[in-house]
Amino acid sequence: MFKLSLSTPSIMSNRTLFATLTATALLSATGMANAALFDNNLPADPDAELSVGLNVMVTDSAYDTDGTEVRVLPSVFYDNNKIYARGAQAGAYLINDGTNELSVYAQLAGSEFDPDDADGALSGLDKRKASAAAGITYLRRTPIGGFRGQIATDILGRSDGSIGRLTYLTKFTRDKLTVYPSIGVEWNDENYNEYYYGVSNEESSRTGVAAYSPDQSFSPYISVSANYDINDKLAGFASQSFNYLSDEQYDSPMVDSRTESTTTLGLLYKF
């Protein structure tokens, strides 16, 4: 089945509101410490460019479901050396000296499993929802590319799980086209895998699907994104990513593929 959804913000729960207020307080405190402790940080760029647009995200899920999921999402790109927004991720720098970047961030995270798109006994399982994660990331720029480490945790109470990534990334530019390839490995803790790939005893009793309780996992991934400046005001962007599921994830009775891919196409207007 081909599914199209237009994502819109929902009313924040008390948990989400508390997490947001906590993050705001943390950013305020670190912002004040920033000037005193990290004198080598880049100054705020008053000419930083804001780009706003829409993107279409097409996901070929590893879940044993029918069809491909299509979502239409807003996109914002901005970086003034102090705060940034990059598509589905937004953050604030704690350290940013041109070589080292340490920042706190929040972004979309997780998969979606809709039992209405599943056949047989899987159609009786509970729904799994995408979430939002917040964490910290460090990037080291070198002559041969960038090396990034990230750790984040679910802030909406869906999985209560944590995600970590180690990534190598680089950039190629030719005229109006810029390409960003990256490759790395992702770690998912037990809580994350339990929510997105586990089958509880209650679900098993209700549906006949074998109960399954995965442990933590490591899985490789590769991604390529590109940006093309159409003119002074418009830019197009695209990305393609592939994740290779770990044994812990692939052994789930909810899964029928080793790989999961996401294709994104979008258009940005530059202010």
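Our subject is the structure listed above.
Values in this document were obtained by computation on a predicted structure and should not be read as measured data.

Thresholds applied
- Each chain carries its own residue numbering, running from 1 in the written order of its sequence.
- Given that the model is predicted, a residue must reach a pLDDT of at least 70 before its local features are reported, and side-chain atom pairs must reach 80 or more before they are shown or counted; all residues, however, enter totals for whole chains, interfaces and linings.
- Just so you know, side-chain values use all the structure's heavy atoms and leave hydrogens and water out.
- Here a strand is any run of E in DSSP of at least two residues, a helix any run of H or I of at least four, and the numbering for each starts at the N terminus.
- Relative accessibility decides the category of a residue: with a 1.4 Å probe and only protein chains considered, values under 20% of the type maximum give buried, values over 50% give exposed, and everything between is partly exposed.
- What the arc describes is the spread of directions from the helix axis to the C-beta atoms.
- Throughout, a contact is declared for two residues whenever any of their heavy atoms are within 4.5 Å.
- We define a polar contact as two N or O atoms separated by no more than 3.5 Å, with the added condition that, inside protein, one atom must be a possible hydrogen donor and the other a possible acceptor, whereas residues neighbouring each other in sequence contribute only through side-chain atom pairs.
- Stacked, edge-to-face and tilted labels apply to pairs of Phe, Tyr and Trp rings (six-membered ring for Trp) whose centres lie within 6.5 Å, assigned for plane angles under 30 degrees, over 60, and everything in between, in that order.
- Look at NZ for Lys and CZ for Arg. If either is within 6 Å of the ring centre and within 35 degrees of the ring normal, a charge sits over the ring.

1. Digging into the side chain of Ser219
Logical step 1: Here Ser219 shows up in strand β12 (residues 217–229).
Logical step 2: Here Ser219 falls in the buried class, since its relative accessible area comes to 4%.

2. Quick look at helix α2 (residues 190–197)
Logical step 1: Along α2, the residues classified as buried are Tyr192, Asn193, Tyr195, Tyr196 and Tyr197. Buried positions in α2, seen along its axis, are confined to an arc of 165° and lie on one side of it.
Logical step 2: Lining the buried residues of α2 we find β6 (100–109), β7 (131–142), β9 (162–169), β11 (177–188), β12 and α4 (247–250).
Logical step 3: One side-chain oxygen at the N-terminal end of α2 lies 3.3 Å from the backbone nitrogen of Asn191; it belongs to Asp189.

3. A word on the packing of aromatic side chains
Logical step 1: Counting across every chain of the model gives eight aromatic pairs.
Logical step 2: Pairing Tyr63 with Phe113 gives two aromatic rings, centres 5.1 Å apart and planes at 70°, and the pair type is edge-to-face. Of this pair, Tyr63 sits in the loop between β2 (51–60) and β3 (69–79) while Phe113 sits in the loop between β6 and β7, and the two are 50 residues apart along the sequence.
Logical step 3: Residue classification places Phe113 among the buried residues on the basis of a relative accessible area of 0%.
Logical step 4: With a centroid separation of 5.6 Å and an interplanar angle of 65°, the aromatic rings of Phe77 and Phe237 are classed as edge-to-face. One end of the pair, Phe77, is in strand β3; the other, Phe237, is in strand β13 (residues 234–244), with 160 residues separating them in the sequence.
Logical step 5: One aromatic cluster in this structure is built from Tyr63, Phe113 and Tyr197.
Logical step 6: The ring of Tyr84 has Arg86 sitting right over it, with the charged end atom 4.0 Å from the ring centre.

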